[in-house]
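Residues per chain are reported as follows:
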Amino acid sequence: MVEHDSVRPHRVQSVARAFSLLEAVSAAPDGARLSDAAESVGLPRSTAHNLLATLESLGYVTQRSNAGRYVLTERLTELVRGSVGSDDCLRELVNPILGKLATISAETCYLAVPALRDYVYIDTVESPQPLKLAVPVGGRDSFFGTAIGHVLLAFSPASAQRLAREQPEQWARWKNKVGEVHEHGYAIDLEDYHPGLCCAAVPVSRNGRVVAALGVSGPACRLPEERLRELSATALILLSEAGLTQATGQEHRTG
């Protein structure tokens, strides 16, 4: 049975309460304890707990290891991916690095961010060579089987868990590749997603959290595995010099 607000009959009370809790969690920079969140919105602890548990199961909040504080995940941000201006600041920070890596590699380089069930390209610098990968800004690709996707999933446990439930066969096929990102610090794709195309991707961090992935792609004949690993190391150095590779917390890793 849907419970409506007695003052505003067209407003569903449980939905309003859930958004109030999201706002309470958002207002706590170090994370919100259950008791504090419940008190701030005037809800019984049991009601707040049930709502937060639902939001956690949907991937909108997660609990940090320190005292079980609730924090927002990236999923709310992902809802507006691709909208005008949503990632302007990130583009401005990373575009010079894309340009440098494109010059060094002579291949197409790009920046991508998660968008719920796939990822979206928000910036690109194309290779000057006739045979190259064209990456349209605003275009989307799958998490699974792609270097970019594996990097993003490696640092987004909520997204990984959701996709593992929704696409168990795909997750079973690629979960080891996702796990390797933490071991190597990057991901490579040796014609896994497209025959004849290879790519590498590295995580981009802001404020200690992975928010995007930077990729470089091109024909397999120009990008053997050794070259991809070299370019991954170069990309990580360039990002480190720009302060975009801070260590991420353990809570952002997949299990």
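Residues numbered from 1 in each chain as written. Predicted model: local features only at pLDDT ≥ 70, side-chain atom pairs only at ≥ 80, totals over all residues. Heavy atoms only, no water.

Before going further, it helps to examine the confidence of the model for the chain. Looking at the chain, pLDDT values average 85 and 87% of them are 70 or higher. Below a pLDDT of 50 lies the segment residues 247-255, which in the model reaches 25 contacts outside its immediate sequence neighbourhood of four places, other chains included. (pLDDT = per-residue confidence, 0-100. Contact = heavy atoms within 4.5 Å.)

This part takes up helix H8 (residues 168-184). With 17 residues, H8 should reach 24 Å at 1.5 Å per residue; the first-to-last C-alpha distance of 25 Å fits that figure. The axis of H8 is deflected most strongly, by about 50 degrees, at tryptophan 174. Those residues of H8 lying buried are Trp171, Trp174, Val178 and Val181. Close packing links the buried residues of H8 with helix H6 (147-154), helix H7 (157-166) and strand E6 (187-190). (Helix = DSSP H or I, 4+ residues; strand = E, 2+ residues; numbered from the N terminus. Expected span 1.5 Å × (residues − 1). Bend = angle between axes of the 7 residues up to and from the residue. Buried < 20%, exposed > 50% of the residue type's maximum accessible area, 1.4 Å probe, protein only.)

So, about the side chain of threonine 146. Summarising the element assignment, threonine 146 is placed in the loop between strand E5 (140-142) and H6. On the accessibility criterion, threonine 146 (4% relative accessible area) is buried. Engagement of the side chain of threonine 146 in a polar contact is seen with the backbone oxygen of phenylalanine 143, the distance being 3.2 Å. Of the polar contacts made by the side chain of threonine 146, one reaches the backbone nitrogen of glycine 149; its length is 3.0 Å. Excluding residues that lie within four positions of it along the chain, threonine 146 makes contacts with Tyr119, Asp189 and Tyr193. (Polar contact = N/O pair within 3.5 Å; in protein donor to acceptor, adjacent residues only side chain to side chain.)

Quick look at the packing of helix H1 (residues 13-26) against helix H2 (residues 34-41) now. Here H1 crosses H2 at 120 degrees, and the two axes come no closer than 9 Å. Classed by the angle they form, the pair H1 and H2 counts as oblique. Between H1 and H2 lies a crossing of right-handed hand. In contact with Ser20, Leu21 and Ala24 of H1, H2 contributes Ala37, Ser40 and Val41. Per-class residue counts for the contact of H1 with H2 are 4 nonpolar, 2 polar and no charged. (Axes fitted to C-alpha atoms, helices over the stretch in contact; angles between N-to-C directions. Parallel < 35°, antiparallel > 145°, perpendicular 65-115°, else oblique. Left-handed = near helix turned anticlockwise from the far one by under 90°. Nonpolar A, V, L, I, M, F, W, Y, C, P; charged D, E, K, R; others polar.)

Turning to H1, a few remarks are in order. Relative to the 20 Å expected for 14 residues at 1.5 Å per residue, H1 spans 20 Å between its end C-alpha atoms, a close match to the ideal helical length. Those residues of H1 lying buried are Gln13, Ala18, Leu21, Leu22, Ala24 and Val25.

Summed over all chains, the structure comprises 0 disulfides. Not part of a disulfide, cysteine 198 finds its nearest cysteine sulfur in cysteine 199, a span of 7.4 Å. Cysteine 221 takes part in no disulfide bond, and the closest cysteine sulfur to it belongs to cysteine 198, at a distance of 9.1 Å. Classification of cysteine 221 by relative accessible area gives exposed; the value is 67%. (Disulfide = S-S within 2.5 Å.)

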